Amino acid sequence: MSRLSTPPYEAMTPDQQRVHDAITSGPRGSIRGPFLAWITNPDMADAGQKLGEYFRFNTSLTRDLAEIAICVTGAHYKAEFEWWAHRQFALDEGVPEEVLDAIREGREPVFETVAAKTVYQTARALNLRHRLTDEEFNSAKQILGEQGLVDVIGLCGYYALVSLTLNAYEMPTPDGSTAFR
């Protein structure tokens, strides 16, 4: 059961309403997930939604690669809501179901491209060891480029924040499904 106590729109402060309106009028179209908790701190919610908008919609990585990094992070934290949402986004972007099943189960997936494998390995290393070896760093930089590497690192960090928020508030999936329990 969720621990959220998000106020109804009418009971929100003007700052909360401003952030609510910015989120709902943007590409997300609604307030869900971590924003339901973050809205209690409108400055954080505003900063988080702007950073999240970059990572969800404008990163230098292709959408399928970004979703791999997000799914690796969501699976690492066993964030049910995160996995529920981004598994579908990943499928929609062409990430094979077998890859997502392997990520969820903690197995090494078989990838069709070197870039996808590199994103997975980079995200996995960051989530498990919180750092990259020189070899991992140099390989990722060569394959993904400097900006691509920075984006994978940022995706992992941002979605760690998202996952921790979702887990702390015990955010249920809309359909009640679970992937990690």
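Keep in mind it's a predicted model, so treat the numbers as computed, not measured. Note that residues are indexed from 1 along each chain, following the sequence as it is written. With pLDDT at 70 or above as the cut-off, local features in this predicted model cover only qualifying residues; side-chain atom pairs require 80 or more to be listed or tallied, and sums for whole chains, interfaces and linings still use all residues. Side-chain numbers come from the whole structure's heavy atoms, not from hydrogens or water.

**Q** Would you mind going over the overall build of the protein with me for this structure?
**A** If you tally the helices and strands in the protein, you get 8 helices and 0 strands. The way it works is that DSSP assigns letters per residue, a run of H or I at least four long becomes a helix, a run of E at least two long becomes a strand, and they are numbered from the N terminus. What you see in the protein, going N to C, is helices and strands ordered as α-α-α-α-α-α-α-α. Throughout, radius of gyration means the C-alpha value; the globule benchmark is 2.2 Å times the number of residues raised to the power 0.38. Taking 16 Å as the expected radius of gyration for a compact globule of 181 residues, we find that the protein reaches 17 Å, a close match to that expectation. Dimensions of the protein along its principal axes, counting C-alpha atoms only, are 50 × 35 × 30 Å. Burial here depends on accessible area, computed with a 1.4 Å probe over protein chains only, as a share of the maximum for the residue type. Under 20% is buried, over 50% is exposed, and the range in between is partly exposed. Buried residues in the protein amount to 44% of all 181 residues. Whether two residues are in contact is decided by their heavy atoms, any of which lying within 4.5 Å being enough. A separation of at least 24 residues holds for 65% of the contacts in the protein among residues at least 6 apart in sequence. Reported accessibility uses the Shrake-Rupley method at a 1.4 Å probe radius. Residues are deemed covered only where the shown protein chains occlude them. A total accessible area of about 9300 Å² is found for the protein, and carbon and sulfur atoms account for 52% of it. Of note, the protein has its 17 positive side-chain charges centred 4 Å away from the centre of its 25 negative side-chain charges. In this tally, Asp and Glu contribute negative charge and Lys and Arg positive charge; neither His nor the terminal groups of the chain are included. A charged residue contributes its charge at one atom only: NZ of Lys, CZ of Arg, CG of Asp or CD of Glu.

**Q** Teacher, can you tell me more about the layout of surface pockets here?
**A** One way to see where empty space is left: roll a probe the size of a water molecule over the atoms. Estimates place the volume of the largest pocket at around 340 Å³. Here the lining of the largest pocket gets 7 residues from one element, more than from any other, and that element is helix 5 (residues 80-92). Polar here means any residue outside two lists: the nonpolar Ala, Val, Leu, Ile, Met, Phe, Trp, Tyr, Cys and Pro, and the charged Asp, Glu, Lys and Arg; Gly therefore counts as polar. Of the residues belonging to the lining of the largest pocket, the class tally is 9 nonpolar, 4 polar and 4 charged. Roughly 220 Å³ of internal volume is contained in the second largest pocket. Only protein atoms enter the 1 Å grid, on which a cavity is a set of points fitting a 1.4 Å probe that cannot get out and a pocket is an open set with protein on both sides within 12 Å along at least 5 of 7 lines, lining residues being those with an atom within 4 Å of a point. Grid points are joined across faces, edges and corners, and a volume is the space filled by probe spheres set on the points.

**Q** Just to check I follow, could you spell out the side chain of Glu80 for this structure?
**A** Note on placement: Glu80 falls in helix 5. Two N or O atoms count as a polar contact when they lie within 3.5 Å, although within protein this holds only if one can serve as hydrogen donor and the other as acceptor, and sequence-adjacent residues are included solely when both atoms are side-chain atoms. Polar side-chain contacts of Glu80 include one of 2.5 Å to the backbone nitrogen of Ala179. Other than its neighbours up to four places away in sequence, Glu80 contacts Asn167, Thr173, Ser177, Thr178, Ala179, Phe180 and Arg181.

**Q** Could you clarify how one ought to interpret the nonpolar core in this entry?
**A** Burial of nonpolar side chains together is a common tendency in soluble globular proteins. Nonpolar core, defined: a set of buried Ala, Val, Leu, Ile, Met, Phe, Trp, Tyr and Cys residues in which side-chain atoms within 4.5 Å join the residues together. Among the nonpolar cores identified, the biggest contains 47 residues, and Ile68, Ile103 and Leu155 are the most heavily contacted of them. At the level of elements, helix 1 (14-24), helix 2 (35-38), helix 3 (42-58), helix 4 (63-76), helix 5, helix 6 (97-105), helix 7 (114-129) and helix 8 (134-168) are the ones that each hand at least two residues to this core. Of all the elements, helix 8 adds the most residues to this core, at 10 residues. The contact partners of Leu155, leaving out residues within four places of it in the chain, are Phe55, Leu61, Ala66, Ala69 and Ile70.

**Q** Looking at this model, I keep getting lost on unusual backbone geometry. Mind explaining?
**A** Among all residues except glycine, the phi angle is most often negative; among peptide bonds, the trans geometry is most common. Of note, the phi angle at Lys78 is positive, near 50°, even though the residue is not glycine. Within the secondary structure, Lys78 sits in the loop between helix 4 and helix 5. For Glu170, which is not glycine, the phi torsion reads 45° and is therefore positive. Counting through the fold element by element, Glu170 comes out in the segment after helix 8. Relative accessible area serves as the criterion here: at 33%, Glu170 is assigned to the partly exposed category.

**Q** What should I look at first to understand the packing of helix 5 against helix 8 in this one?
**A** Geometrically, a packed helix pair is captured by the angle between its two axes and the distance between the axes. Between N-to-C directions, angles cover 0 to 180 degrees, with each direction set by a line fitted to C-alpha atoms, over the stretch in contact for helices. Two elements in contact, helix 5 and helix 8, have axes separated by 8 Å at closest approach and are oriented at 125°. As the angle between them shows, helix 5 and helix 8 are arranged oblique. Mapping the contact onto sequence places Glu80, Phe81, Glu82 and His86 in helix 5 and Tyr159, Val162, Ser163, Leu166 and Asn167 in helix 8. For the contact of helix 5 with helix 8, the class distribution of residues is 4 nonpolar, 3 polar and 2 charged. Relative orientations are named as follows: roughly parallel for angles under 35 degrees, roughly antiparallel for angles over 145 degrees, roughly perpendicular for angles from 65 to 115 degrees, and oblique for any other angle.

**Q** Looking at this structure, I do not really get the side chain of Arg63. What am I missing?
**A** On the secondary structure map, Arg63 appears in helix 4. Among the polar contacts listed, one links the side chain of Arg63 to the backbone oxygen of Arg56, at a separation of 2.7 Å. Other than its neighbours up to four places away in sequence, Arg63 contacts Phe55, Arg56, Phe57, Ile70 and Glu93.

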